[in-house]
Amino acid sequence: LELTVDPSAPLPLHRQVYAGIRRAILSGEVRPGERLPATRALAEQLSLARATVAEAYDQLRAEGYISGRRGSGTFVAVDLPEDAIAQPAPWVVARESRVRLSRWGTRIAADLADLPPVGNASYEFDFRPHRVAEDLFPWEEWRTAVDRAVSGERARLLLYPPASGHRELREEITRHVAVHRGVHCRPEQIVMVNGTQEGLNLLAHMLFEGGDRVAVEDPGYPAARVALLAQGLDVVRVPVDGDGMMIGALTRRGPFRFIHVTPSHQEPTGATLSLSRRLALLEYAERNGSIVLEDDYDSEFRYEGRPIESLQGLDRSGLVVYAGTFSKSVLPGLRLGFLVLPDTLAGPFAAAKRMWDSGAPMLEQAALAEFMRSGAFERHIRRARREYRARRDALQSALIGCFGSRVWIGERHGGLNLLVRFHGHLREDEIVQRAGQAGVGVRAASIYFAEPPVEPTFLLGFAALPETSITRGIRVLAEALENG
Ligand SMILES: Cc1ncc(COP(=O)(O)O)c(C=O)c1O
């Protein structure tokens, strides 16, 4: 019997012995009826107390894996069904093809390969996009909000959350989006979701059938495209220019049941959807009965000019769903976002949210409601906006300083990233690799495009790094790309 135990492992020793023998039985390494070592002998072999081995044997006996009494020999049970023993252990089966995925599961597994990994790698200079600043977040105020939620909302934490979300939080959000985004709604129209991504999945499940034609931006947000593809929808990419999605091209490509757009800050180009195109899009939606998802993921961070009013605020037909998220304005790990729905959809979406996961986590919602109510949220956004703007300027100056005419920088009026193109002989993957080896994290932007750009293109995040690190990091990047 090949057994080893590890005294430093978190699993107690008797559980390790139990698991080792169970595995040996299930894998057929020891056969039914075969004698197992006496507890004393096995204890000596493993340098364990005899009682530890005896405890493992007692458990195996109670579960029917072994038979025999203490003192009269211990045997692998003879009545274990042969085919259960012949099968590999369950954790091996799970990796093999006997488990069949649904069509949705198969598509998710295949299409997720198109997405960048979540990225736990750490870099000294991390320019990967969409990262928020640790040094600017008001951790103490957040802690206070969480403490208040724990002490003030116990009665509610003992219950399942309301399916559409924490009432006061939805009221805070209603006020916030009315003032800052020109979104007109009542709290009853809001359903809290675990980020925009869950909102997209709910929409795809609730509103469309396999084969329905839907439109996304090109270049555009890969996670939206993948969620729609997984639902079996016919996803068509509509080109984007300096004024956002080209509504003329949308119209020419025929009727769509659904259109995903990022009007305030196009992902990844940074373009703002012009007012005339907004009106054309709304008119298109009305003519075709299309639902438009306004994905307003980072509009809190706009550095020049006032943002154009939301599409939702211009909609007169009840066809726009507005998706907001706290992934940039608070923390991505919070996993809280919200949908503002036309009246008729709010009830069905709350029902779906209840069916999906019984509601968004209450503690996080209660803490966020308090964070907003106390004014900490507004203060954080104001401060972060100021600092992020300085960081954006630092990134731009560093890029121009180090690369001069060998770099092209895209739209820069908002968000947490700049779209950047390098003119030179290196390929995108070579740049990622060389940068990584020098401690600089960058993400290639080709995943956003239907046709990967000819020149290496990157979406560089500036928000998470202080200005001095930005300057140093770009210098390191420039050296890494020049040498070798
Ligand atoms: C276009 C777009 N939508 C939404 C999000 C945020 O998604 P979530 O709210 O699921 O974190 C991002 C984040 O990068 C994004 O780029």
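Residues numbered from 1 in each chain as written. Predicted model: local features only at pLDDT ≥ 70, side-chain atom pairs only at ≥ 80, totals over all residues. Heavy atoms only, no water.

**Q** Summarise the sheet that holds strand E3 (residues 74–76); cite the residues concerned and give the values.
**A** Here we have three strands laid out as an open sheet, ordered E1-E3-E2, and antiparallel in their pairing. The sheet terminates laterally at strand E1 (35–36) and strand E2 (66–67), the two strands that pair on one side only. Across two bridges, E2 lies against E3 in antiparallel orientation. Its bridge partner being in E3, Ser 67 is matched across the sheet by Phe 75. (Pairing = 2+ DSSP bridges. Helix = DSSP H or I, 4+ residues; strand = E, 2+ residues; numbered from the N terminus.)

**Q** Go over helix H11 (residues 222–230), please, and point to the residues and values.
**A** Counted residue by residue, H11 has eight buried out of nine residues, so it is predominantly covered. Looking at H11, one finds that the buried residues are Pro 222, Ala 223, Ala 224, Arg 225, Val 226, Ala 227, Leu 228 and Ala 230. Positive phi appears at Gly 232, one or two residues downstream of H11, with a value of about 80°. (Buried < 20%, exposed > 50% of the residue type's maximum accessible area, 1.4 Å probe, protein only.)

**Q** Any chance you could break down the nonpolar core for me, citing the residues and the numbers?
**A** In terms of nonpolar packing, the biggest core is built from 65 residues, with Phe 127, Phe 326, Val 330, Leu 368, Tyr 388 and Leu 399 touching the most fellow members. With ten residues, helix H17 (residues 376–403) is the largest single contributor of residues to this core. Leaving out residues up to four positions away in the same chain, Val 330 has contacts with Val 132, Phe 137, Trp 142, Leu 368, Phe 371 and Phe 377. Counting residues in hydrophobic clusters, the runner-up holds 45 residues, among them Val 235, Ile 247, Tyr 284 and Leu 311. (Core = buried A, V, L, I, M, F, W, Y, C linked by side-chain atoms within 4.5 Å. Contact = heavy atoms within 4.5 Å.)

**Q** If you had to explain the packing of helix H7 (residues 139–152) against helix H16 (residues 362–373) to someone new, which residues and values would you point to?
**A** It is at 8 Å that the axes of H7 and H16 come closest, and there the two elements cross at 120°. Classified by the interaxial angle, the pair formed by H7 and H16 is oblique. In the crossing of H7 with H16, the sense of the turn from one axis to the other is right-handed. Mapping the contact onto sequence places Glu 141, Trp 142, Ala 145, Val 146, Arg 148, Ala 149 and Val 150 in H7 and Leu 363, Glu 364, Ala 366, Ala 367, Leu 368, Glu 370, Phe 371 and Arg 373 in H16. Taken together, the residues of the contact of H7 with H16 break down into ten nonpolar, no polar and five charged. (Axes fitted to C-alpha atoms, helices over the stretch in contact; angles between N-to-C directions. Parallel < 35°, antiparallel > 145°, perpendicular 65-115°, else oblique. Left-handed = near helix turned anticlockwise from the far one by under 90°. Nonpolar A, V, L, I, M, F, W, Y, C, P; charged D, E, K, R; others polar.)

**Q** So what's going on with the site of the ligand? Residues and values would help.
**A** The environment of the ligand is made up of 13 residues, and the closest members are Thr 196, Asp 295, Thr 325, Ser 327 and Lys 328. At a separation of 2.7 Å, an oxygen atom of the ligand approaches a polar backbone atom of Thr 196. At 2.8 Å from a nitrogen atom of the ligand is found a side-chain nitrogen or oxygen belonging to Asp 295. Within the complex, 93% of the 400 Å² of free accessible area of the ligand lies under protein. Looking at the shell around the ligand residue by residue, the classes come out as two nonpolar, seven polar and four charged. (Near = heavy atom within 4 Å. Polar contact = N/O pair within 3.5 Å; in protein donor to acceptor, adjacent residues only side chain to side chain. Areas by Shrake-Rupley, 256 points an atom, 1.4 Å probe, with all protein chains shown as cover.)

**Q** Describe the sheet that holds strand E13 (residues 407–409), and please don't skip the residues or the numbers.
**A** Within a sheet, each strand pairs with its neighbour through backbone hydrogen bonds, oriented either parallel or antiparallel. Read from one edge to the other, the open sheet built from three strands follows the order E13-E14-E16, with strand pairing classed as antiparallel. Only two strands of the sheet have a single partner each, and these edge strands are E13 and strand E16 (457–461). The average angle at which neighbouring strand axes cross in this sheet is 30°, direction not considered. Sitting on the sheet, H17 is in contact with E13, strand E14 (417–422) and E16, with an inclination near 10° to E14.

**Q** Explain helix H1 (residues 13–26) to me, and be specific about the residues and the numbers.
**A** Relative to the 20 Å expected for 14 residues at 1.5 Å per residue, H1 spans 20 Å between its end C-alpha atoms, a close match to the ideal helical length. Here H1 has its buried residues at Gln 16, Val 17, Tyr 18, Gly 20, Ile 21, Ala 24, Ile 25 and Leu 26. (Expected span 1.5 Å × (residues − 1).)

**Q** Tell me about a nonpolar patch on the surface, and name the residues and values.
**A** Taken together, the side chains of Val 150, Leu 157 and Leu 363 define a hydrophobic patch exposed on the protein surface, amounting to about 190 Å² of accessible area. If you trace the backbone, Leu 363 turns up in helix H16. Looking at Leu 363, the relative accessible area reads 30%, which means it is partly exposed. (Patch = residues over 30% accessible without salt bridge, like charges linked within 9 Å, V, L, I, M, F, W, Y side chains within 5 Å. Salt bridge = Lys/Arg side-chain N within 4 Å of Asp/Glu carboxyl O.)

**Q** For the pattern of salt bridges, give the residues involved together with the corresponding values.
**A** Considering all chains together, one arrives at 30 salt bridges under this definition. The closest approach of N and O atoms between Arg 257 and Asp 212, which form a salt bridge, is 3.2 Å. In this pair, Arg 257 sits in the loop between helix H12 (247–252) and strand E9 (258–261) while Asp 212 sits in the loop between helix H10 (196–207) and strand E6 (213–218), placing the two residues 45 residues apart along the sequence. The salt bridge partner of Arg 412 is Glu 304, with a shortest N-O separation of 3.8 Å. With Arg 412 in the loop between E13 and E14 and Glu 304 in the loop between strand E10 (291–295) and helix H14 (311–314), this residue pair connects regions lying 108 residues apart in the sequence. For Arg 412, a relative accessible area of 25% gives the class partly exposed. Residue classification places Glu 304 among the partly exposed positions, given a relative accessible area of 27%. Shared partners join several salt bridges into a network, and the residues in it are Arg 167, Glu 171, Arg 186, Glu 188 and Asp 343.

**Q** Mind laying out the pairing of E9, listing which residues take part and the relevant values?
**A** Both faces of E9 are covered, namely the face carrying Phe 258 and His 260 and the face carrying Ile 259 and Val 261. As paired elements, E6 and E9 share two bridges and run parallel to each other. Paired with Ala 215 across the two strands is Ile 259, which belongs to E9. When E9 meets E10, the two strands line up parallel, connected through four bridges. The partner of Phe 258 across the bridge, within E10, is Ile 291. Note on the crossover from E9 through helix H13 (residues 275–288) to E10: the handedness is right-handed. (Right-handed = clockwise from strand over helix to strand, strands pointing away.)

**Q** Give a description of the packing of aromatic side chains that names residues and reports values.
**A** Given two aromatic rings, one states the distance between the centres and the angle between the planes to describe the pair. Applying the stated criterion across every chain yields a total of 13 aromatic pairs. Within the aromatic cluster, the residues linked to one another by ring pairs are Phe 137, Trp 139, Trp 142, Tyr 322, Phe 326, Phe 338, Phe 371 and Phe 377. Directly above the aromatic system of Trp 408 lies the positively charged group of Arg 421, at a separation of 4.8 Å from the ring centroid. (Phe/Tyr/Trp six-rings, centres within 6.5 Å; stacked < 30°, edge-to-face > 60°. Lys NZ or Arg CZ within 6 Å of the ring centre and 35° of its normal.)

**Q** Before we move on, can you summarise the side chain of His 260 with the specific residues and values?
**A** Structurally, His 260 can be placed in strand E9. Apart from the residues within four sequence positions on either side, His 260 is in contact with Leu 200, Ala 215, Val 216, Glu 217, Tyr 221, Ala 224, Met 245, Leu 293 and Asp 295.

**Q** Help me get a handle on unusual backbone geometry, residues and values and all.
**A** The omega angle of the peptide bond from Asp 218 to Pro 219 is 0°, so this bond is cis rather than trans. Considering the arrangement of structural elements, one finds Pro 219 in the loop between E6 and H11. Cis rather than trans, the peptide bond between Glu 267 and Pro 268 has omega equal to 10°. With a phi angle near 55°, Arg 335 is a residue other than glycine that sits in the positive phi range. Turning to its location among the elements, Arg 335 is positioned in the loop between strand E11 (320–325) and strand E12 (337–340). The exposure class of Arg 335 is partly exposed, given its relative accessible area of 35%.

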